Amino acid sequence: MNWINENYMVILTIAGMALVTYLTRIVGFIVLRNRSLSLRAQTMMEAAPGCVLISVIAPYFVAERPADLLAFLITALVATRLPMLPTVMLAVISAGLLRRFLG
Amino acid sequence: MDSKANSETDSKLMSETDSEAGSPVPVKANTKAEFWRGIKASVPIVLGALPCGLVLGAQAAQKGMLPWQVVCMTGLNFAGGSEFAAIELWSSPPHALLVVAITLLINSRHLFMGAALVPYLGHLPKRRILPALFLMCDESWAMGYADARKHSDHGMRRAFSMPYYLGLSASMYVVWSSSAGLGAVIGAYVGDINAYGFDMALPALFLVLIAGMWKGVRAALPWLVSLLAGSLSCVLVPGAWYVMVGTLAGLIAAWFLAPKGGRS
C-alpha cells in the first residue's frame with residue numbers, strides 16, 4: 001500500500017467511521033418506527049436505556065485503583081441524592097483528590 | 001409538525017405549572033426558550049467533555065493525526081467512546097477496516113437508543129428525525145429521553161422537546177470537536193488531565209440519569225443483570241465487548257421478567 005497517500009487512508013478511515021456511526025444512529029429508529037410492539041417487547045425497550053447506560057460505565061464498578069473505585073462509589077451515592085451539576089462537580093473533585101492522596 | 005403555529009398553541013395549552021407536585025415541573029414553553037434550556041442543561045456535561053476532548057486531541061496528535069483530521073473525525077463521528085478506541089488502535093497509516101469495525105461495535109448501542117425514541121418521535125417525518133439523530137450521543141440521548149420521560153409522567157402529550165434536545169446536542173457538538181482540535185494543537189502541554197479527575201464526569205452523568213429513571217426494584221432488575229454481565233465481561237475479555245454483552249444480557253433479562261400481554 002505504499003503508493004496510497006497516507007492522508008487518503010486517514011480520510012477513508014474517518015469517512016468509514018462516520019458512515020457506520022450514523023447508520024447505528026438511524027437503523028434502530030427506522031426499523032422499529034412502524035411496528036407495534038407486544039407488551040413484553042415494550043417492557044424490554046423501556047429497560048433498554050438503563051441497560052445501555054449501566055453497561056457503558058460497567059468498568060468503573062470494577063476499577064483496579066482504589067482511588068478510582070472509591071471516587072466512583074462516592075459518585076454513585078451522591079447521584080441518588082443531588083442534581084446533575086453538583087454531582088458532576090463532586091465526582092471530578094473527589095476523583096482528583098483521591099488520586100492525589102491515594103495514588 | 002413542530003411548526004411555529006403549533007408550538008404557540010402548545011404553550012397556551014400547557015401554561016400552568018403543576019404546583020401540586022411540589023417541585024416545579026418544567027413547562028414546555030416556546031422553541032427558543034426550550035433551546036436555551038437545552039444549552040443550560042448541557043453545562044455540566046460540557047464541563048466534563050471539554051478536558052476529555054483535549055485529552056483525545058492530544059492522544060490523536062501523538063499517534064500522528066493532524067488537527068484538521070481530528071476535527072473531521074470528532075465532527076463527523078461525534079461519539080467519544082469509539083473515538084478513544086479508534087485512537088488507541090491508530091497507526092500510520094491507520095488500518096481502516098479494523099478501526100471501522102471497532103467503531104461499529106462500540107456504537108452499536110445506538111441501535112437501542114434510536115429504538116427507544118420511537119414512542120416519543122415516531123410520529124415525526126423522516127426528514128426531521130434523521131438529521132436530529134446525527135447528534136444523538138450517549139449524553140444527548142439520555143438527557144433528551146429523561147426529559148421526555150419526566151414530561152410524559154406528568155401527562156404531557158408530545159413529551160419529547162426537540163429544541164431542548166437540539167440545544168443540548170449543539171452545545172456538546174461544538175465543545176467536543178473544538179476541544180479535540182485544540183487538544184491536537186496544544187497536545188504536549190495538556191499532560192495527564194485524568195489526574196484531576198475529569199474522566200469521572202461521564203459516570204457521574206450516567207448515574208444521575210439512571211437514578212432518574214428508577215421505577216422500583218423489579219423494573220431495575222435488568223439493569224443489575226447488565227451491570228453484572230458487563231463487569232464480568234470487562235474483567236475477563238479485553239476491549240469494548242462489555243458494552244454489548246452488558247446491554248444484551250440486560251435486554252434478555254428484561255424479556256424474561258416482562259409481563260406477558262397482547263399487542264398495543
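Rules behind the numbers
Residues numbered from 1 in each chain as written. Chains lettered and ligands numbered in written order. Predicted model: local features only at pLDDT ≥ 70, side-chain atom pairs only at ≥ 80, totals over all residues. Heavy atoms only, no water. Helix = DSSP H or I, 4+ residues; strand = E, 2+ residues; numbered from the N terminus. Buried < 20%, exposed > 50% of the residue type's maximum accessible area, 1.4 Å probe, protein only. Contact = heavy atoms within 4.5 Å. Areas by Shrake-Rupley, 256 points an atom, 1.4 Å probe, with all protein chains shown as cover. Rg over C-alpha atoms; globule rule 2.2 N^0.38 Å. Lys, Arg positive; Asp, Glu negative; His and termini not counted. Charge placed at Lys NZ, Arg CZ, Asp CG, Glu CD. Buried area = accessible area lost by both parts, 1.4 Å probe. Salt bridge = Lys/Arg side-chain N within 4 Å of Asp/Glu carboxyl O. Polar contact = N/O pair within 3.5 Å; in protein donor to acceptor, adjacent residues only side chain to side chain. 1 Å grid on protein atoms, 1.4 Å probe; cavity = no way out; pocket = protein on both sides within 12 Å on 5 of 7 lines; lining within 4 Å. Points joined across faces, edges and corners; volume = space filled by probe spheres on them. Core = buried A, V, L, I, M, F, W, Y, C linked by side-chain atoms within 4.5 Å. Axes fitted to C-alpha atoms, helices over the stretch in contact; angles between N-to-C directions. Left-handed = near helix turned anticlockwise from the far one by under 90°. Nonpolar A, V, L, I, M, F, W, Y, C, P; charged D, E, K, R; others polar. Phe/Tyr/Trp six-rings, centres within 6.5 Å; stacked < 30°, edge-to-face > 60°. Lys NZ or Arg CZ within 6 Å of the ring centre and 35° of its normal. pLDDT = per-residue confidence, 0-100.

Caption draft 1: Seen up close, the overall build of chain B. Along chain B, the regular secondary structure elements total 13 helices and 0 strands. For chain B, the N- to C-terminal ordering of α and β elements is α-α-α-α-α-α-α-α-α-α-α-α-α. By residue count, 51% of the 264 residues in chain B fall in the buried class. Restricting the contact set of chain B to residue pairs at least 6 apart, pairs at least 24 apart contribute 78%. Counting every atom, chain B has about 12400 Å² of accessible surface; 68% of that belongs to carbon and sulfur.

Caption draft 2: View of the overall build of chain A. Scanning chain A for helices and strands turns up 5 helices and 0 strands. Relative to the globule expectation of 13 Å for 103 residues, the C-alpha radius of gyration of chain A, 21 Å, shows a markedly less compact shape. Taken along the three principal axes of its C-alpha coordinates, chain A extends 55 × 50 × 25 Å. Taken across its 103 residues, chain A has 50% of its residues classed as buried. Put simply, of all contacts in chain A between residues at least 6 apart along the chain, 40% involve residues at least 24 apart. As displayed, chain A offers around 5400 Å² of accessible surface, 68% of which is attributable to carbon and sulfur atoms. The average position of the 8 basic charges and that of the 4 acidic charges among the side chains of chain A differ by 10 Å.

Caption draft 3: Here's a closer look at the interface of chain A and chain B. Contact residues are listed per partner, giving 66 residues for chain A and 96 residues for chain B. In total, chain A and chain B occlude about 7100 Å² of area from one another, counting both sides; carbon and sulfur atoms represent 76% of this. Interface area lost by chain A to chain B is led by Arg25(A), Phe29(A) and Arg40(A), which between them contribute 12%. The interface formed by chain A and chain B holds 1 salt bridge in total. Counting across the chain A and chain B interface gives 17 residue pairs in polar contact (both at pLDDT 80 or more). Listed by contribution, the elements that provide at least two residues to the side of chain A that touches chain B are α1 (6–33), α2 (39–56), α3 (58–61), α4 (66–79) and α5 (84–102) of chain A.

Caption draft 4: Molecular detail of the layout of surface pockets. Considered as a void within the structure, the second largest pocket measures approximately 630 Å³ in volume. Contributing elements (two or more residues each) for the lining of the second largest pocket: α5 of chain A together with α2 (31–62), α9 (138–153) and α11 (201–212) of chain B. Ranked by residues supplied to the lining of the second largest pocket, first place goes to α9(B) with 6 residues.

Caption draft 5: The pattern of salt bridges, seen in detail. Residues and elements named next belong to chain A. Enumeration over the complete set of coordinates arrives at 7 salt bridges over all chains. Between Asp68 and Arg99 there is a salt bridge whose closest N-O contact spans 2.7 Å. In this pair, Asp68 is assigned in helix α4 and Arg99 in helix α5, connecting sequence segments 31 residues apart. Residue Asp68 shares its accessibility class with Arg99, and that shared class is buried.

Caption draft 6: Quick look at the nonpolar core. Among the nonpolar cores identified, the biggest contains 92 residues, and Leu117(B), Leu121(B), Trp141(B) and Met143(B) are the most heavily contacted of them. If we ignore the near neighbours within four places in the chain, the residues touching Trp141(B) are Pro49(A), Leu53(A), Met113(B), Ala116(B), Leu117(B), Met136(B) and Tyr165(B).

Caption draft 7: Structural view of the packing of helix α3 (residues 67–77) of chain B against helix α4 (residues 80–89) of chain B. Residue and element names in this part refer to chain B. It is the contact of α3 with α4, at a shortest axis distance of 10 Å, that shows an interaxial angle of 145°. The crossing of α3 and α4 is right-handed. Between α3 and α4, the contacting residues are Met73, Thr74 and Asn77 on the first element and Ser82, Glu83 and Ile87 on the second.

Caption draft 8: Layout of the packing of α4(A) against α11(B). Where α4(A) contacts α11(B), the two axes come as close as 9 Å, and the packing angle between them is 35°. The handedness of the crossing between α4(A) and α11(B) comes out as right-handed. Contact with α4(A), carried on its side by Phe72(A), Thr75(A), Ala76(A) and Ala79(A), involves Pro203(B), Ala204(B), Leu207(B), Val208(B) and Ala211(B) of α11(B) and no other residues of that element. Taken together, the residues of the contact of α4(A) with α11(B) break down into 8 nonpolar, 1 polar and no charged.

Caption draft 9: Main features of the packing of aromatic side chains. According to the stated counting rule, one finds 10 aromatic pairs over all chains in the structure shown. Within the aromatic cluster, the residues linked to one another by ring pairs are Tyr22(A), Phe78(B), Phe134(B) and Tyr173(B). The ring of Phe101(A) has Arg100(A) lying over it, and the distance from NZ or CZ to the ring centre is 5.9 Å.

Caption draft 10: Broad picture of the confidence of the model for chain A. The predicted model of chain A averages 89 in pLDDT, with 96% of residues at 70 or higher. Confidence scores differ between elements of chain A, with α2(A) showing the lowest mean pLDDT of 86 and α4(A) the highest of 95.

Caption draft 11: Structural context of the side chain of Ser55(A). Secondary-structure assignment places Ser55(A) in helix α2. Residue contacts for Ser55(A): discarding those within four places in its chain leaves Ser226(B), Tyr242(B), Val243(B), Gly246(B) and Thr247(B).

Caption draft 12: Examining the side chain of Arg33(A) more closely. Tracing the sequence through the fold places Arg33(A) in helix α1. Since its relative accessible area comes to 17%, Arg33(A) is described here as buried. Within polar-contact distance, the side chain of Arg33(A) engages the backbone oxygen of Leu124(B) at 2.4 Å. Not counting chain neighbours up to four residues away, the residues in contact with Arg33(A) comprise Val118(B), Gly122(B), Leu124(B), Pro125(B) and Lys126(B).

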